[in-house]
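As a plain string of letters, each chain reads:
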Amino acid sequence: LESALRGLACDAEEDAVYYDEWAARVRAFDRPQANQVPLALRNGGGELVVSPHKHVSLLPFSARYAAVATDRLPQPRLQRRSAYGPRHLGEIVTKDAQQSIEAWLLIAASNLHATRVWGAERPKCPPGIGAAFGSCYKRQRVLVIGQGQFLEAARGVVWDCRPWEHGMPAVPHDFSEAPSSELNNAVIENEAELLRWPDQQLVGMLVDGVQYQADLRLQFVFGPHLTSLPAGFLSVEKELKRLLQQ
C-alpha cells in the first residue's frame, strides 16, 4: 500500500504531497519484511500450500459475519417548542462562559498556525510566559460548558444556529428533518437486496440519519486536535477547503 501511494502519478505538487503524507502513515513498529514471510505463503497466488510452521497452521479462520436482525428505529421525539430565539452565542451562554470559549478558540487558532508553519517540529510555549500568536504550541485542556452556564431561556434545547448566517434567530433543531446527504435515498429505499437486509436499523440510518441512542447531557465540549494532526496537516487542510466549496 505504501509503495502504491508513493508511486501515484500526480500533475500537481500539492497532490504529490497529499499522497506522500498518507504513505508516511502506513507504518508499524514491527512491520515484517518480504524475506520474513514463509516461502509456503509466498507462492504468487498459486494453489495454497499449508505452511509447515506450527504457529501458522494453528491460526483460526475469521468467523464469517452474520448481520443481526433489527427493526427500523422510530423518528426521534420532537423537542419542546420555545418562543426564545437567540441571535448570537451571548444569548445562549453566560458572559463568563462566552469569554472562556473565545479564549479557548484563540489558543486553538494559534496552535493551528504554529502547526502549519513548523509541523511536528512546532516549538512548545514556555509555561507561564505569554507568547506571540502562532509562535509556539500551547497545551490545551478540554473545555466543557454545561447547562449551568447557559442562560435560563436557552436551557434544555438543542439549538439550530444555521439561521445566524442569514441574520435570523436560532430555532430548536428539528430531528425529523431529512438529513443533508449526497446519497440517493430513492435507490436505497427501493433496492430489493437492502429491503431484505436483516439489519433494517442500519438501512434506516442511511436514509433518515444516524441516531446515537444515548441520553447525552446538553453541553458544549471543546477538545484539542489529535496529536497525529501535524503529520498530515496539509492534507487535512486541503480536504476542509474542498468541503467548504461544496
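You'll find the structure just up there.
An account of the accompanying structure is given in this report. Here the residue numbers are simple positions, counted from 1 along each chain's written sequence. In keeping with the predicted nature of the model, local features appear solely for residues at pLDDT of at least 70, side-chain atom pairs appear and are counted solely at 80 or more, and the whole-chain, interface and lining totals rest on all residues. Processing note: side-chain calculations cover all non-hydrogen atoms of the structure and skip hydrogens and water entirely.

Looking at the packing of aromatic side chains
Quick reminder of the rule: Under the pairing criterion, centres of Phe, Tyr and Trp rings, with the six-membered ring standing for Trp, must be within 6.5 Å; the plane angle then separates stacked pairs below 30 degrees from edge-to-face pairs above 60, leaving the rest tilted. Think of it in three bands: with a 1.4 Å probe and only protein chains considered, a residue is buried below 20% of the maximum accessible area for its type, exposed above 50%, and partly exposed in between. Remark: a charge is flagged as sitting over a ring if the NZ atom of Lys or the CZ atom of Arg is within 6 Å of the ring centre and within 35 degrees of the ring normal.
Summed over all chains, the structure comprises 4 aromatic pairs. On the basis of an interplanar angle of 50 degrees and a centroid distance of 6.3 Å, the ring pair of Phe220 and Phe222 is categorised as tilted. Classification of Phe222 by relative accessible area gives buried; the value is 18%. Ring pairs connect the aromatic residues Trp104, Phe150, Phe220 and Phe222, which therefore count as one cluster. Directly above the ring of Tyr137 sits Arg122, whose terminal nitrogen or CZ lies 3.7 Å from the centroid.

Focus: the side chain of Gln200
Stated precisely, the cut-off is as follows: For the purposes of this entry, the term helix denotes a DSSP run of H or I that reaches at least four residues, the term strand denotes a run of E that reaches at least two, and both are numbered from the N terminus. By the criterion applied in these results, polar contacts are pairs of N or O atoms within 3.5 Å in which, for protein atoms, one can donate a hydrogen and the other can accept it, and in which residues neighboring in sequence qualify only through two side-chain atoms. In what follows, a contact means two residues having at least one pair of non-hydrogen atoms within 4.5 Å.
With respect to the helices and strands, Gln200 occurs in helix H7 (residues 200-208). Overall, the relative accessible area of 15% leaves Gln200 in the buried class. Within the structure, the side chain of Gln200 is placed 2.8 Å from the backbone oxygen of Leu194, a separation counted as a polar contact. Apart from the residues within four sequence positions on either side, Gln200 is in contact with Thr70, Asp71, Arg72, Leu194 and Leu195.

Thoughts on empty space enclosed by the protein
Using the following cut-off: Lining residues are defined by having an atom within 4 Å of a point belonging to a cavity or pocket. Those points lie on a 1 Å grid over the protein atoms alone, cavities being sets where a 1.4 Å probe fits but cannot get out and pockets being open sets with protein on both sides within 12 Å along at least five of seven lines. Grid points are joined across faces, edges and corners, and a volume is the space filled by probe spheres set on the points. Each residue is assigned to one of three groups, with Ala, Val, Leu, Ile, Met, Phe, Trp, Tyr, Cys and Pro labelled nonpolar, Asp, Glu, Lys and Arg labelled charged, and all others, Gly among them, labelled polar.
Inspection of every chain in the model, using the stated rule, returns 1 cavity of 30 Å³ or more. Computed from the structure, the largest cavity encloses a volume of approximately 50 Å³. Lining the largest cavity, in full, are Arg72, Leu73, Gln201, Gly204, Met205, Asp208, Gly209 and Gln211. For the lining of the largest cavity, the residue count by class is 2 nonpolar, 4 polar and 2 charged.

Some points on helix H4 (residues 95-118)
Convention followed: A helix's residues, less one, multiplied by 1.5 Å, set its expected span.
Over its 24 residues, H4 runs 35 Å from end to end, which matches the ideal 34 Å to within 8%, given 1.5 Å per residue. Among all positions of H4, only Ala97, Ile101, Trp104, Ala108, Ser110, Asn111, Ala114 and Thr115 are buried. On its buried face, H4 sits against strand E1 (143-145), strand E4 (220-222) and helix H8 (233-244). A positive backbone phi angle near 65 degrees is found at Gly119, which sits one or two residues after H4.

Details of the state of the cysteines
Worth spelling out the cut-off: For the purposes of this analysis, a disulfide is any pair of cysteine sulfur atoms at a distance within 2.5 Å.
Taken as a whole and judged by the stated rule, the model has 1 disulfide. Covalently, Cys125 is tied to Cys136 through a disulfide, its sulfur atoms 1.9 Å apart. Handedness here is read from the sign of the S-S torsion; for Cys125 and Cys136, about 95 degrees, the answer is right-handed. Here Cys125, found in the loop between H4 and E1, pairs with Cys136, found in the loop between H4 and E1; they are 11 residues apart in sequence, far enough to count as distant. Of the residues examined, Cys136 reaches a relative accessible area of 6% and is grouped as buried.

A short note on the layout of surface pockets
For the largest pocket, the calculated volume is near 1,200 Å³. Split by residue class, the lining of the largest pocket holds 14 nonpolar, 8 polar and 8 charged. Lining the second largest pocket are 16 residues, with Ile107, Cys125, Ile129, Ala131 and Lys138 sitting closest to its centre. Here the residues of the lining of the second largest pocket are counted per class, giving 10 nonpolar, 4 polar and 2 charged.

Focus: the nonpolar core
Using the following cut-off: Side-chain atoms within 4.5 Å are what join buried Ala, Val, Leu, Ile, Met, Phe, Trp, Tyr and Cys residues into a set we call a nonpolar core.
Among the nonpolar cores identified, the biggest contains 14 residues, and Ile92, Val93, Leu143, Ile145, Trp159 and Phe222 are the most heavily contacted of them. Going through the elements one at a time, H4 and E1 are the ones with two or more residues in this core. The element that contributes the greatest number of residues to this core is H4, accounting for 4 residues. Excluding its chain neighbours within four sequence positions, the residues that come into contact with Ile92 are Pro86, Phe150, Leu151, Ala154, Trp159, Cys161 and Trp164.

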